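So the chains spell out like this:
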Amino acid sequence: MITVDFYGVEPEYESELSAVAAEVYKVEKMKGNATVELSFASSDEIRELNRTSRGVDRATDVLSFPALDEIKPFTKKNYPFEYDPARKSVELGSIVICREVAEAQAKEYGHSVRRETCYLFTHGLLHLSGYDHIEESDKAMMREKEELVLSGLGITRED
């Protein structure tokens, strides 16, 4: 199970984004308990994070900050330093989504802000799970996983 710690996220998003985390966990066949932090940020805040973390001085839609180098069962034995005994969980990492960019992209792509937010969270979770999109083949695999997660929840481009 992946538990999501929400920061600056409207309560109406929490249930659906928790379902996204559960679907990623299922699709990726993860084992054990993990925790992820999710924050919503303004375009100025995410621009600063992008600048300081990646050296890119512009706002972006989502940033992921993985805590793990590889994904294996989330146990104290496998992750002694990332394991939180009080929560019986391993810290997977942090994701920051820019609400303003998500809204603009939803309009550009012709779907709902809800769909775009779920997509961005899925995208961020897959980054935390070790996926990237540097090579075209990796990008195709990541896109396939994203669509598998969203379609598993009934979230389509028409939403």
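Computed from a prediction, not measured in an experiment: that's the story for all the values here.

Regarding the packing of aromatic side chains
Logical step 1: Summed over all chains, the structure comprises 2 aromatic pairs.
Logical step 2: An angle of 75 degrees between the planes, with centres 5.5 Å apart, marks the rings of Tyr13 and Phe40 as edge-to-face. Pair noted here: Tyr13 is in helix α1 (residues 11-27) and Phe40 is in strand β2 (residues 34-41), with a separation of 27 residues, a long-range link. As far as burial versus exposure is concerned, Tyr13 and Phe40 are alike and both buried.
Logical step 3: Between the NZ or CZ atom of Lys72 and the centre of the ring of Tyr79, over which it lies, the distance is 5.8 Å.

Some details on the pattern of salt bridges
Logical step 1: Following the criterion strictly, the structure yields 10 salt bridges and no others.
Logical step 2: For Lys145, the salt bridge goes to Glu28, with nearest N and O atoms at 3.1 Å. Linking Lys145 in helix α5 (residues 136-152) with Glu28 in the loop between α1 and β2, this pair joins segments that are 117 residues apart in sequence.
Logical step 3: The residue Arg115 makes a salt bridge to Glu147 at a minimum N-O spacing of 3.1 Å. Of the two residues, Arg115 sits in helix α4 (residues 113-128) while Glu147 sits in helix α5, which places them 32 residues apart along the sequence.
Logical step 4: Residue Glu147 is classed as partly exposed on the basis of its relative accessible area of 28%.

Thoughts on the nonpolar core
Logical step 1: Counting 38 residues, the largest nonpolar core has Leu17, Leu38, Phe74, Ile95 and Phe121 as its most contacted members.
Logical step 2: Elements with a minimum of two residues in this core: β1 (2-7), α1, β2, β5 (89-98), α4 and α5.
Logical step 3: Setting aside its immediate chain neighbours within four residues, Leu38 contacts Val4, Asp5, Phe6, Tyr7, Val9, Leu17, Ile95, Ile97 and Phe121.
Logical step 4: Membership of the second largest hydrophobic core comes to 6 residues, among which are Ile46, Leu63, Cys98 and Val101.

Quick notes on the environment of Pro66
Logical step 1: By the element assignment, Pro66 lies in strand β3 (residues 62-66).
Logical step 2: For Pro66, the contacting residues outside a window of four places in its chain are Leu92, Gly93 and Leu128.

A closer look at the confidence of the model for the chain
Caution applies to low-pLDDT regions: their predicted coordinates should not be interpreted in detail.
Logical step 1: The predicted model of the chain averages 91 in pLDDT, with 99% of residues at 70 or higher.
Logical step 2: Across the chain, β2 holds the top mean pLDDT of 96, while α5 sits lowest at 87.

Structural notes on the pairing of β5
Logical step 1: Extensive coverage of β5 is indicated by the burial of 9 of its 10 residues.
Logical step 2: With 8 bridges joining them, β2 and β5 adopt parallel strand pairing. Bridging from a neighbouring strand, Thr35 pairs with Glu91 of β5.
Logical step 3: Relative to β5, β3 runs antiparallel, the two sharing 5 bridges.

Focus: the packing of α1 against α4
Logical step 1: With their axes 10 Å apart at the nearest point, α1 and α4 run at an angle of 40 degrees to one another. The orientation of α1 relative to α4 falls into the category oblique. Regarding α1 and α4, the two cross each other, and that crossing is right-handed. Side by side, α1 and α4 meet where Tyr13, Glu16, Leu17, Val20, Ala21 and Val24 of the first sit next to Val113, Arg114, Thr117, Cys118, Phe121, Thr122, Leu125 and Leu126 of the second.

Here's the deal with the pairing of β2
Logical step 1: Of all 8 residues making up β2, 6 are buried, and the element is well covered by its neighbours.
Logical step 2: Of the pairings in the sheet, the one linking β1 to β2 comprises 6 bridges and is parallel in character. Residue pairing across strands places Tyr7 opposite Ser39, the latter belonging to β2.
Logical step 3: Running through α1, the crossover from β1 to the neighbouring parallel element β2 is left-handed.

Rules used in this analysis
- Each chain has its residues counted from 1, running along the sequence as written.
- In view of the model being predicted, local features appear only for residues whose pLDDT reaches at least 70, and side-chain atom pairs are presented and counted only at 80 or more, with totals across whole chains, interfaces and linings using the full set of residues.
- The basis for every side-chain value is the complete set of non-hydrogen atoms in the structure, without hydrogens or water.
- Ring geometry is summarised as follows: Phe, Tyr and Trp rings, the Trp one being its six-membered ring, pair when their centres sit within 6.5 Å, and such pairs are stacked at plane angles under 30 degrees, edge-to-face over 60 and tilted between the two.
- By the criteria applied, helices consist of DSSP H or I runs no shorter than four residues and strands consist of E runs no shorter than two, each listed in order from the N terminus.
- Partly exposed residues are those whose accessible area sits between 20% and 50% of the maximum for their type, while under 20% is buried and over 50% is exposed, using a 1.4 Å probe and protein chains only.
- Note on geometry: a ring has a charge over it if NZ (lysine) or CZ (arginine) is within 6 Å of the ring centre and within 35 degrees of the ring normal.
- For this analysis, a salt bridge means a side-chain nitrogen from Lys or Arg found within 4 Å of a carboxyl oxygen belonging to Asp or Glu.
- Take the buried Ala, Val, Leu, Ile, Met, Phe, Trp, Tyr and Cys residues and link them wherever side-chain atoms come within 4.5 Å; each set so joined is a nonpolar core.
- Residue contacts are counted whenever heavy atoms from the two residues lie within 4.5 Å of one another.
- Each residue carries a pLDDT value, the predictor's own confidence for that position, ranging from 0 to 100.
- By the convention used here, strands pair only if DSSP detects at least 2 bridges between them.
- Here an angle of 0 to 180 degrees is reported between the N-to-C directions of two axes, which are lines fitted to C-alpha atoms, with helices fitted over the stretch in contact.
- For classification purposes, an angle smaller than 35 degrees is called roughly parallel, one larger than 145 roughly antiparallel, one from 65 to 115 roughly perpendicular, and anything else oblique.
- Each crossing is labelled by how the near helix is turned from the far one, with a counterclockwise turn of less than a right angle marking it left-handed and a clockwise turn marking it right-handed.
- Assignment of crossover handedness uses the view with strands pointing away from the viewer, where a clockwise path from the first strand over the helix to the second indicates a right-handed crossover.

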